[in-house]
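Letter by letter, the chains look like this.
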Amino acid sequence: MRKLILALLGVFLLAFLATVGFLRSPAGRESLGWRLEALRAEIKYALSPPQQAIFIPVGADTNVPSATSATTLQPTDTATFHPTALPATDTPTITLSPTLTPTPLPPQAMLSGLLHQYQMWNNCGPANLAMALSFWGWKGDQRQTAAVLKPNPRDKNVMPYEMVTFVESQTALSALWRVGGELSLLKAFIASGFPVIAEKGFEGIGFEGWMGHYQVVNGYNDAQGLFYTQDSYKGPNLPIPYEAFVQDWRAFNFTYLVIYPPERLQQVLDILSLQAYDNYNFRYAAQKALEETQTLSGRDLFFAWFNYASSLVLLQDYAAAAQAYDTAFSQYASLPEEVRPWRMLWYQTGPYFAYYYSSRYQDVINLATTTLRAMSEPILEESYYWRAMAQLALGEHQAAIEDLRACLTHHPQFIPCVEQLRALGEEP
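Below is a short write-up of the structure. The model shown is predicted, which means the values in this text are computed figures rather than measured ones. (Residues numbered from 1 in each chain as written. Predicted model: local features only at pLDDT ≥ 70, side-chain atom pairs only at ≥ 80, totals over all residues. Heavy atoms only, no water.)

Before going further, it helps to examine the packing of aromatic side chains. Overall, the coordinates contain 35 aromatic pairs when judged by the stated rule. Residues Trp210 and Phe303 carry aromatic rings whose centres are separated by 5.8 Å and whose planes lie at 35 degrees to one another, so their mutual orientation is tilted. Of this pair, Trp210 sits in strand β4 (residues 210-221) while Phe303 sits in helix α10 (residues 298-314), and the two are 93 residues apart along the sequence. As far as burial versus exposure is concerned, Trp210 and Phe303 are alike and both buried. With a centroid separation of 6.2 Å and an interplanar angle of 55 degrees, the aromatic rings of Trp346 and Tyr347 are classed as tilted. Its relative accessible area of 8% is what places Tyr347 among the buried residues. Over the ring of Phe254 we find Lys288; its NZ or CZ atom is 3.8 Å from the centre of that ring. (Phe/Tyr/Trp six-rings, centres within 6.5 Å; stacked < 30°, edge-to-face > 60°. Helix = DSSP H or I, 4+ residues; strand = E, 2+ residues; numbered from the N terminus. Buried < 20%, exposed > 50% of the residue type's maximum accessible area, 1.4 Å probe, protein only. Lys NZ or Arg CZ within 6 Å of the ring centre and 35° of its normal.)

Below you can see the structure in the form of structure tokens.
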């Protein structure tokens, strides 16, 4: 109670200072903004702890997949992932160099030339993208990336695909993202002159708890067992032990993003080898996660099941993905409150795809509602969009329109919501 009273007094003090003209500079307004948001969050979470919000699927299938009952994938069997089975969007004219005898990696490598930036409030994604772009001579900063990626500064997340879209629409560079990453791949990119953006988990300070984070990886040292990263929160050239890196990376299905000049595409594909193909990459990640469900426990087991389901979503096996998410959410509910990653749906939307395309519309609605209600500020355009889509499927048109408009309030011009409103004959 004492902490809550002090927080309320802090809100009143900051509001008073703002009204008398204090902190009028842009930096001052930004400082005031994040402090007010932090205080608002602290009050909301003190009154209604978000880690206590539990989503329970109502359309769960009792035939839960397991490592013994699910279809076993064989990522090392190249015949299973023949390139001709890939979508037409892949580039068949690009040939991959043989990788039966890969070039040995140097025991250490460090890339220089990245301009480190400490993130502004709630600006991890734009800051990391700006740092990675700086390596290739891009002259902007996180304000330019944020203006496109996050027109609403309070938006909670930037997706990897949004970063790729920014790179390819706003710069002369190209980019791609993959899941199921390995330490050896990160090292191969760094040794070949490509810094890598990794999406990871991050332990916050005090009441904040677990959250998502990006890091630019630009060096490694095998003798010391360390990666070196440009961390927008903790500082430049941050050393991270390999094991700790993997521990945090697992939370996001080992997702990574590589930026490159178009003329170096062939080099990027050669490093990726079969991972260059979406079909192979998604199956590899699914198998990796499935195997981890047999060896991990606690929160890591939740992440493994979530990753397995997310990879199945990428493979468009929505029914199996929905069952795997059911298992993940069951594991989540069994975790101690203090370690629950309650922000998970801020960053990953796979469950919405799985439940929606399995016709489990009430689960979509319940999951979105649980996620939004637990937030200090319900700003997640994806959650509004998917809840609207499920409401439409159930014939609740007015509720869907209200959610689509809420989506655009929080993320102006969010294309899926704009297009859906127009399809309903409504002006966005």
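Quick look at the environment of Asn128 now. Considering the arrangement of structural elements, one finds Asn128 in helix α3 (residues 124-134). Taking the relative accessible area as the measure of exposure, Asn128 reaches 0% and is therefore buried. Considered as a pair, Asn128 and His213 are 85 residues apart in the sequence and their alpha carbons are 9.4 Å apart. Separated by 3.2 Å, the side chains of Asn128 and Ser232 make a polar contact. (Polar contact = N/O pair within 3.5 Å; in protein donor to acceptor, adjacent residues only side chain to side chain.)

Turning to the state of the cysteines, a few remarks are in order. Inspection of the entire model under this criterion finds one disulfide. Shown here is the disulfide that connects Cys407 with Cys417, its sulfur atoms set 2.2 Å apart. Residues Cys407 and Cys417 are joined through a disulfide that is right-handed, its torsion about the S-S bond being 100 degrees. Linking Cys407 in helix α16 (residues 397-410) with Cys417 in helix α17 (residues 415-423), this pair joins segments that are 10 residues apart in sequence. Take Cys417: its relative accessible area is 0%, and that puts it in the buried class. (Disulfide = S-S within 2.5 Å.)

So, on to the nonpolar core. Ranked by internal contacts, the top residues of the largest apolar core, which has 60 residues, are Phe302, Tyr308, Tyr325, Phe329 and Tyr355. Among the elements that line this core, the one with the most residues is α10, at nine residues. Every residue in contact with Tyr355, bar those within four places of it in the chain, is listed here: Phe55, Pro57, Ala322, Tyr325, Asp326, Phe329, Arg360, Tyr361, Asp363, Val364 and Leu367. By size, the runner-up hydrophobic cluster in this structure holds 50 residues, among which are Ala175, Phe189, Tyr260 and Ile271. (Core = buried A, V, L, I, M, F, W, Y, C linked by side-chain atoms within 4.5 Å. Contact = heavy atoms within 4.5 Å.)

With that settled, consider the pattern of salt bridges. Under the defined criterion, the tally for this structure stands at 12 salt bridges. Among the salt bridges present, the one from Arg387 reaches Asp403, with a minimum N-O distance of 2.6 Å. Residue Arg387 is found in helix α15 (residues 381-393), and its partner Asp403 is found in helix α16; the two are separated by 16 residues along the sequence. Considered together, Arg387 and Asp403 belong to a single accessibility category, that of buried residues. (Salt bridge = Lys/Arg side-chain N within 4 Å of Asp/Glu carboxyl O.)

Purely geometric numbers; function is a separate question.
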